[in-house]
Structure formats: structure tokens, C-alpha cells
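A closer look at the structure
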Amino acid sequence: MAKSIEEQVEDWCKNQLEKYFTKTESINSEIDDALKKAPSKKGGSGQNLPDIKCFVSVGFRNIPVMIECKGKKGDFIKTDENGLVTNTDKKGDVDYAAIAKKAVNGAIHYAKSILDYTATYKEAIAIGVNGSKQNNDLELEIGVYYLSKDNLGIPKEVGKFSDLSFLKQKNLKSFFKKIDDLKLTQEELESRKLSLEDEIESKLKRLNQTMHDDLGIAVKSRVMLIVGLIMAGLGVENISDGLKIEELKGESGKKSNDGQKIIDKIEDFLREKKLPEEKREVIMNELSNVFKNQDLYTPKNGESKLRKVYAIVHNDILPYLSSDLHNIDFTGRLFNVLNAWVDVPDGAENDVVLTPRYVTELMARLTSVNKDSYVWDYATGSAGFLISAMHLMIDDANRKVKSPDELRSKIAKIKAEQLLGIEKLPEIYILAVLNMILMGDGSSNIIHGNSLTQFNGKYQQGKLRDQKFPANVFLLNPPYSAPGKGMIFVEKALSQMSSGKAAVLIQENAGSTQGDGYTKRILEHNTLIASIHMSTDLFCGKSNVQTAIYVFDVGTPHDTEKLVKFIDFSNDGYARQNRKKSSQSVNLKDVDNAKGRYDELVNLVVRGKGKDDKNLNYYKGSYVENYISLEGNDWTYNQHKEIDIKPTEDDFKKVVKEYMAWQISDLIKNGDDGLGK
């Protein structure tokens, strides 16, 4: 085996640099602490020690650079099947072998640790250098990657370099221009988002299994436990530090036990996040009961169960939630992981199923959500619909508002005033609050209660309390066990709106025979725009009902002379399976241009098929425009699909073929006498 020449490679790098810090030198206390807190390159708690560290600076912009050196052929880089550098394996788990052995992967691990564990640095450079000797000549491979929180921490290759002279001060303006041009495409952002969600899901599954197998923590405590530990651990930037593992000492005093310390941190977090007092009281009442459980805070062998769980949350979960990656669907994944254990009271089997993110985004698009929308959801779950709507609203604001000050003010208003959700089940309500906090607060309009009996259509907290919420978009996936398969929620919400749009994902037969009169009454004040027949396996493994999305114009009575769009969307481009140990990227695969199909669906609903069917591509033969009655019992696609009874040439050939086959069979059976009669 060839001997490593890593030291020679390090010396070559140092000779290229104007100023640097060695493996054991301190670069600064914040980065030093981040490298200590992050999992080591072998996955343990040991310290991370990049071979060389330095800064590159232009003006007030100061970017840390992490350099990792290797000295054997083959130790340069590990990439995936698409040629992209990756530090995870096919299951979404961290690939510590690649991080420890490969120069580029190790450098990226160190750079990512800085993004995840510091507040100051939102970008970093990772450089991997590998060398080998060929006929006494030093052959070098150099990989230079830029990581930014704005780009979700995806390593982007800056360019091909033969030396490190790009790090010299005289060349930095040109180098900074290169990294500023490295913007992610929408496809790359979506891919990274899914990858991050898969990583989180994998870690949540391991955490859940530990709570179940090793610690014996009761099913009903787990959602509240994890949500509370996340709140305690996050802290509030520049105000309050998050809980440190070492603060949980296993003491037994009434005020000093681990449970009480966590409760105090949660209370600090909610107060500093400026949640209204009424909301803080509701949340603290729900969470405190878990952390006052003596079995959880009493130490065994010097360590409480709370500390054991928090150590996992702190090391495996918090880095994702404290690093500006707020558009990942965290609480949706959390609920799906815990759903195998959670017993939801008062819930029929199909009632507590969180709508997939790609469907919540679709429905927000179907209602043409924009920066001025006021969106509400009467059965908000973990707030998936509100979050998808919020992203569209902020994207629209970014496109249309040109003043930075006005944009900042508008985004704050969107989060604080233009979203409202009501959720009855306490453990799901707590998830929704956490989700909205992670998205940048906006949680003040997540209401704990029964939307049918305890909500009057008004803001219930904050400065707008008792004022009417001016809803103009309604998004919903209701409990299907409620009257009218959930249409009771639709009637109630639409009756409190004067105009706007609504999209409802519901059991399809609510629009035919099971509407219980609600559908008829809904048409008295609202217009059905579209009926979308969804895939039968949309909730694969969690619910087996046939669903449809019904889209409405609110506030205009339905005109029987107005055409309704009926679309068979059962082939939406995705293939689904329900392998419990697999991640979403395995259980949900784009096999037939799902993106194009979803875009076409939105275009059809919002704009129609166009002249000469120009907007029909995937759904020719699956799109019908037809009329409905005012009885509310003919809303489904199958009631309107066109069946062509005119025989074709192929039909004629088939009949002749079948007849000839019968004649021959009869001849063989009966002899020549049967022929020609």
C-alpha cells in the first residue's frame, strides 16, 4: 500500500497562503466552539480539527475557509450517482466514512459545522486537496466548494483550480464574484429541501425508537416531549441561550430537577418570541404536564430520561432548526414519524392524516394565493396549508415590492396578520405553533379550539383581537367523520367570507351522495369552479379513501349555465409506497413528470384549456367541462366523464377476430359440417 504524503500536501497548501491557522491553532472562539459542538468527522463527540483554516475578506465581508488535506490516490472525493458531492448515504444517514477519508467531503463537513453551529457566519468555503506522487512529481487534485445558508447549505463547486492563488487578497474580488453567481435553481432547492427532510426523518425515527425501546416513554408524551425540548433548546438570538446538555444535572429538588429547568427554558422562549399571554398559558399548560412527570426527571445512574432524550435532540435535530433552513417541513415529518405510536382521541382512522406538502402547495396555487391574501384553515393540523400559502405570499411580495423597508414590513404582516388556523387536538395544535415559530413566528393566529363551536371568525389574540379576520382564501382537509364527510367545516367557513377562493381536499363522495345537504347549501352562495379526482393512494398507508379537491369562487351563487372543470388527476406522475423504514424520497418517486402534471393542473383550473386545447398536454381525455345542478350531488369526475360509444376500426377488427376464432374453434369441435352453414 502506498504511503500517505498528506504532510507534503499540507506544506504545499501553507506555502500558497498569505495567512492561515494550523490544525491546533484557534481561528476564533465562535468557530472553535462550533467545531467542538458539531459531531466529529467519525460521528462521535470528539473535536473537529481541519488541517488548515483561514479567512478571506473583501470590505466587511469575512468568510471562513476550511481546508482538508489527504495524501493517497482515491482519497479526493465521494459523489452520488449524479456526480454531486454528498455526505449522506442512500438511506439519508450521515456517511462518516466518506467524511473521514475523503478530502473534499471532510472539508465540507467542517464548513457545514460552521453554518449549523454559529450565529455570525452564514457562508463558508470548503477546500479539499489530495496529492499523490507520480515519478517523484507531486500530482494534486483540488476541490473548491461554497456553502451558504441562503442556498440551504448545498455545496456548490466554485470552479476548477490548479493552485490556491485565488485566496490571495489581490484575487479575492474575482473569487467573490464567482461565488455570488452560484445561485441554486428551483429544482436544486426543491431537491435539497427533500434531502434535508429525509435526513431529519431518519434521525427522528431513531429518536422515536430510542424513546420506545430503551426509555419506555409513554406514547402520549412523545409529541409534547420533543416539541418542548426543541423550544427549550432553540433559545432566542441575542436574548436567551438555548438549554445546554450539561445544565441537566439530574438533581431532585422541586426547582432544580431537569423537568423544571426545561419548563423554565420553554417559558423564556415563548415570552421572548412575543407570543400573546393567552397563547403562552395554553402551551405551558399542555407542555408542563409532561415535564412534571417524575419518571422522566428522576435520575438513574446519575442521568434522567429527559437528559438522554435531550442529548439526541440537541445533537441531531436542533442544528437543522437553528440554521435558517426554515422552509423544510419539519413538524409534518415529526408527526408522520410519531404517528405510528400516537393514539389520537376522538379520531376515526382517517381523521388525523396530515396532507403531503406537495398537495398543500398545489391547493394554495389553485386558489391563486398572493401577497395580499388572507388565508385560513378550520382544521389546521400542523399548519401545512398555512405554511405553503405563506411561502407563495412571500415569494409574491419579493417579486412585487421593490423597497427593502416595505418588503420587510410586508413579510412581517403576512406572518403576523394574514394567516389563521384552528386546531382542536392539543398535540397537533402544539405542532402547528412550533411550525409557525420555526417559519419566523406568525404563531399568534394559531388557535386552540373547535372551529365549529368555539370560533366566531375573529382574531382571538394580539393587537387585532376581536376584529374580523378578512379571509379571502380558504384551504382545508377536514376530518371525514364529521357531518357531510367534513363539508360542515366548508359551509361554516365560506359563510363567513364575502369573496375569494377556496380549495378543499375531501372524501370524493361528499360531492355526490354523501353531502348531507351541505353541498346544496354551499352552492346557494358559492360557485363550484373545478372538481379534481385525486390518486387513490394519495395517503398511502395512512388512509384508503378516494379523495377529490373541490375549488370554489366564494360569495357568488352557482349559476347552472356556468361550466365546471372536471379533471381526472389520478395519474399525477408520482409512484407511492408505504415502507415504514424508508424515507419520503423512497416512498414517493416522480416517475412521470409530476412537476409538469401539477403545473398543467393549476393552469387548467386557473386559466382553462385555452383556444384549441392549447393548455392540454397530459390530461387530454381526462378533462371535461360540464354543467351541474343545484342539488350538490353531481360534483364528481366520474359523473361527467365522456364515454365514446362510436365504434372504431380497431373495434371492428376485434369483433371480426373474435368471430373468426369462434368459427375455427367450432370447426375443430364439430367437423366440416359446421363450415359454411
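Attention here is on the structure that accompanies the text. Residue numbering note: each chain is counted from 1, following its sequence as written. Confidence filtering applies because this is a predicted model: local features only for residues at pLDDT of at least 70, side-chain atom pairs given and counted only at 80 or more, and all residues used for totals across whole chains, interfaces and linings. The side-chain figures draw on all heavy atoms in the structure; neither hydrogens nor water molecules are used.

1. A look at the sheet that holds strand E6 (residues 156-159)
If you walk across this open sheet you meet the six strands as E1-E2-E3-E4-E5-E6, and the pairing is mixed. Since the sheet does not close on itself, it has two edges, and those belong to strand E1 (21-22) and E6, each with one partner. Being paired, for any two strands, means DSSP has found at least two bridges between them. Strands are runs of DSSP state E lasting at least two residues, helices are runs of H or I lasting at least four, and both sets are numbered from the N terminus onward. Of the pairings in the sheet, the one linking E1 to strand E2 (residues 52-58) comprises two bridges and is antiparallel in character. When the bridges of E2 are listed, Thr-22 appears paired with Ile-52. Here a residue-residue contact requires only that any non-hydrogen atoms of the pair lie within 4.5 Å. Comment: axis = line fitted to C-alpha atoms, over the contacting stretch for helices; angle = value between 0 and 180 degrees taken between N-to-C directions. Contacting strand E3 (61-70), strand E4 (123-134) and strand E5 (137-148), helix H4 (residues 103-117) crosses the sheet at an angle of about 165° to E4.

2. Some words on the packing of helix H6 (residues 186-213) against helix H11 (residues 305-321)
Packing of H6 against H11 brings their axes to within 10 Å, and their N-to-C directions diverge by 175°. Judged by the angle between their axes, H6 and H11 are roughly antiparallel. Of the residues in H11, those touching H6 at Leu-196, Glu-199, Ile-200, Lys-203, Leu-204, Leu-207, Thr-210 and Met-211 are Val-309, Ile-312, Val-313, Asp-316, Ile-317 and Tyr-320. When residues are grouped by polarity, Ala, Val, Leu, Ile, Met, Phe, Trp, Tyr, Cys and Pro land in nonpolar, Asp, Glu, Lys and Arg in charged, and all others, Gly among them, in polar. A breakdown of the residues in the contact of H6 with H11 according to their chemical character gives ten nonpolar, one polar and three charged. Roughly parallel covers angles under 35 degrees, roughly antiparallel covers those over 145, roughly perpendicular covers 65 to 115, and oblique covers all other angles.

3. What about the packing of helix H13 (residues 357-366) against helix H20 (residues 594-607)?
Relative to each other, H13 and H20 sit at 25°, their axes nearing to 9 Å. By the angle class used here, H13 and H20 are roughly parallel. Judged by the sense of rotation from one axis to the other, the crossing of H13 with H20 is right-handed. Contact with H13, carried on its side by Tyr-358, Leu-362, Arg-365 and Leu-366, involves Tyr-598, Asp-599, Leu-601, Val-602, Val-605 and Val-606 of H20 and no other residues of that element. A class-by-class count of the residues in the contact of H13 with H20 yields eight nonpolar, no polar and two charged. Throughout, a crossing is termed right-handed when the near helix is turned clockwise from the far one, and left-handed when it is turned anticlockwise from it by less than a right angle.

4. Focus on H20
The α-helix winds at 3.6 residues per turn, so residues separated by three or four positions along the chain end up facing the same way. Helix span is expected to be 1.5 Å times the residue number reduced by one. Relative to the 20 Å expected for 14 residues at 1.5 Å per residue, H20 spans 20 Å between its end C-alpha atoms, a close match to the ideal helical length. Working definition: with a 1.4 Å probe on protein chains only, accessible area under 20% of the residue-type maximum means buried, over 50% means exposed, and in between means partly exposed. Across the 14 residues that make up H20, a large majority, ten, are buried. Turning to H20, its buried residues number three or more, namely Ala-594, Gly-596, Arg-597, Tyr-598, Glu-600, Leu-601, Val-602, Asn-603, Leu-604 and Val-605. One or two steps after H20, the chain reaches Gly-608, where phi turns positive at roughly 90°.

5. Section: the sheet that holds strand E8 (residues 419-423)
Note on sheets: strands pair through backbone hydrogen bonds, and any given pair is parallel or antiparallel. Strand order in the open sheet formed by nine strands is E9-E8-E7-E10-E11-E13-E12-E14-E17, and the pairing between neighbours is mixed. Both edges of this open sheet fall to strand E9 (446-448) and strand E17 (623-626), since each of them pairs with a single strand only. Across the sheet, the mean angle from the axis of one strand to that of its neighbour is 20°, orientation sign disregarded. Strand direction decides the pairing type here: strand E11 (residues 500-507) and strand E13 (residues 547-554), joined by eight bridges, are antiparallel. Bridging across to E13, Ala-502 finds its partner in Phe-552. Across the sheet, helix H16 (residues 426-438) touches E8 and E9, and the angle it forms with E9 is around 165°. Relative to strand E10 (residues 473-476), helix H17 (residues 487-495) is tilted by about 165°, and along the sheet it contacts strand E7 (375-377), E10, E11, strand E12 (526-533) and E13.

6. Brief notes about the packing of aromatic side chains
What characterises a pair of aromatic rings is the spacing of the ring centres plus the angle enclosed by the ring planes. Planes of paired rings set the category: under 30 degrees apart is stacked, over 60 is edge-to-face and the rest tilted, where pairs are Phe, Tyr or Trp rings (Trp by its six-membered ring) whose centres lie within 6.5 Å. Under the defined criterion, the tally for this structure stands at 19 aromatic pairs. Aromatic side chains Trp-376 and Phe-469 sit 5.7 Å apart centroid to centroid with 25° between the ring planes, which places their arrangement in the stacked category. Of this pair, Trp-376 sits in strand E7 while Phe-469 is found in the loop between E9 and E10, placing the two residues 93 residues apart along the sequence. Both residues of the pair, Trp-376 and Phe-469, count as buried. Note on Phe-552 and Trp-635: the rings are 5.7 Å apart at their centroids and 65° apart in plane angle, and the pair reads as edge-to-face. Taken together, the positions of Phe-552 in strand E13 and Trp-635 in the loop between E17 and helix H21 (649-670) put the pair 83 residues apart, joining distant regions of the chain. Accessibility expressed as a relative area gives 0% for Phe-552, which makes it buried.

7. Observations concerning unusual backbone geometry
Unlike most non-glycine residues, Asn-135 shows phi in positive territory, near 55°. Assignment of secondary structure puts Asn-135 in the loop between E4 and E5. In this structure, Asp-613 is a non-glycine residue whose phi angle is positive, near 55°. Within the secondary structure, Asp-613 is located in the loop between H20 and E17.

8. Details of the environment of Leu-167
By the secondary structure assignment, Leu-167 is in the loop between E6 and helix H5 (172-180). In sequence terms Leu-167 and Leu-234 are 67 residues apart; their C-alpha atoms lie 35 Å from each other. Sequence-distant contacts of Leu-167, defined by excluding residues within four places in its chain, comprise Leu-17, Val-56, Ile-127 and Leu-172.

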